[in-house]
Amino acid sequence: TIDVWIEGDLTLTKPSSERTLTVPGSARTVITVASSDRDGRLMSDTSSHGPTRDSRSKPELFAPGMKIRAATAGTRFDTIAASGTSMAAPHVTGAIALCFSKQARLKRELPNALQIRAALIATATGMDGNWRADRGFGLLNTEAFLKAFDEPEATRGAAEEPTT
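Just so it is clear, the structure is predicted and the values come from calculations on it, not from any experiment.

(A) Seen up close, the packing of aromatic side chains. According to the stated counting rule, one finds 1 aromatic pair in the structure shown. One residue, R135, lies across the ring of F62, its end atom 5.6 Å from the ring centre.

(B) Looking closely at unusual backbone geometry. Between G50 and P51 the backbone carries a cis peptide bond, its omega angle lying at 0°. Omega for the peptide link from K58 to P59 comes to 5°, which places this bond in the cis form. On the secondary structure map, P59 appears in the loop between β1 (33–36) and β2 (61–64). You will see that K67, though not glycine, has its phi angle at about 55°, which is positive. Positionally, K67 belongs in the loop between β2 and β3 (68–71). With phi around 55°, K107 is a residue other than glycine that occupies positive phi space. Relative to the elements of secondary structure, K107 occurs in the loop between α1 (85–105) and α2 (113–123). Take K107: its relative accessible area is 77%, and that puts it in the exposed class.

(C) Local environment of the side chain of D37. Positionally, D37 belongs in the loop between β1 and β2. One buried charged residue, D37, forms no salt bridge at all, with the nearest opposite charge on R41 at 5.8 Å. Engagement of the side chain of D37 in a polar contact is seen with the backbone nitrogen of R41, the distance being 2.8 Å. Once residues within four sequence positions are removed from consideration, D37 is found in contact with L42, P64 and M66.

(D) Layout of the environment of L98. Along the chain, L98 falls in helix α1. The class of L98 is partly exposed, set by a relative accessible area of 47%. When the C-alpha atoms of L98 and L146 are compared, they prove to be 7.7 Å apart, with 48 residues separating the residues in sequence. Discounting residues that sit within four places of it in the chain, L98 has contacts with T142 and L146.

(E) Inspection of the nonpolar core at higher detail. Membership of the largest hydrophobic core comes to 15 residues, with the highest contact counts inside it found for V92, L120, L140 and F145. Elements that contribute at least two residues to this core include exactly β2, α1, α2 and α3 (142–147). Looking at this core, the element that brings in the most residues is α1, giving 5 residues. For L120, the residues in contact, after removing those within four places along its chain, are I31, L61, V92, I96, L140 and F145.

(F) Focus on the confidence of the model for the chain. Averaged over all residues, the pLDDT of the chain is 84; the fraction at 70 or higher stands at 81%. No element of the chain has a lower mean pLDDT than β3, at 90, and none a higher one than α3, at 96. Low pLDDT (under 50) marks residues 154–159, which in the prediction has 9 contacts with non-local residues, meaning those over four places away or in another chain.

(G) Highlighting α2. Extensive coverage of α2 is indicated by the burial of 8 of its 11 residues. Looking at α2, one finds that the buried residues are Q115, I116, R117, A118, A119, L120, I121 and T123. Packing partners of the buried residues in α2 comprise β2, α1 and α3. Where α2 starts, the residue carrying a side-chain oxygen 3.0 Å from the main-chain nitrogen of L114 turns out to be N112.

Cut-off values and rules
Residues numbered from 1 in each chain as written. Predicted model: local features only at pLDDT ≥ 70, side-chain atom pairs only at ≥ 80, totals over all residues. Heavy atoms only, no water. Phe/Tyr/Trp six-rings, centres within 6.5 Å; stacked < 30°, edge-to-face > 60°. Lys NZ or Arg CZ within 6 Å of the ring centre and 35° of its normal. Helix = DSSP H or I, 4+ residues; strand = E, 2+ residues; numbered from the N terminus. Buried < 20%, exposed > 50% of the residue type's maximum accessible area, 1.4 Å probe, protein only. Lys, Arg positive; Asp, Glu negative; His and termini not counted. Salt bridge = Lys/Arg side-chain N within 4 Å of Asp/Glu carboxyl O. Polar contact = N/O pair within 3.5 Å; in protein donor to acceptor, adjacent residues only side chain to side chain. Contact = heavy atoms within 4.5 Å. Core = buried A, V, L, I, M, F, W, Y, C linked by side-chain atoms within 4.5 Å. pLDDT = per-residue confidence, 0-100.

Shown next, in the form of structure tokens:
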């Protein structure tokens, strides 16, 4: 068996969907997001699968990323429906931005990257808590994620990286 990570087009005689993550999604400090339909029932066939080459559990979670309506570059009012992890990742980014806004408004310390990652994993829904190569630990649950930081700071306990 040979592990090969190549950006761009590659034809394999025996293609596999296993371990298809590439940079930046395989980076240690990056939160990697898989793409699904709006309800999280169907996974996008363009999402890369984990784990990483060194067996870390990525992606961490999945979010809606299929047929997402977004602004069309270079226009003032046009939109386009697009699909993929490039459409799923902004859902998670937006949830993190809401968290920062809420914490700042309440004059609380902002969570660090490890705390954010741990809270996203802990609050992901739609699965049994076990990691899966195509969808991580579950579907982004923005409401539960925001509530995860409502506890007193001393009880957050997400200073360590999850063991998965």
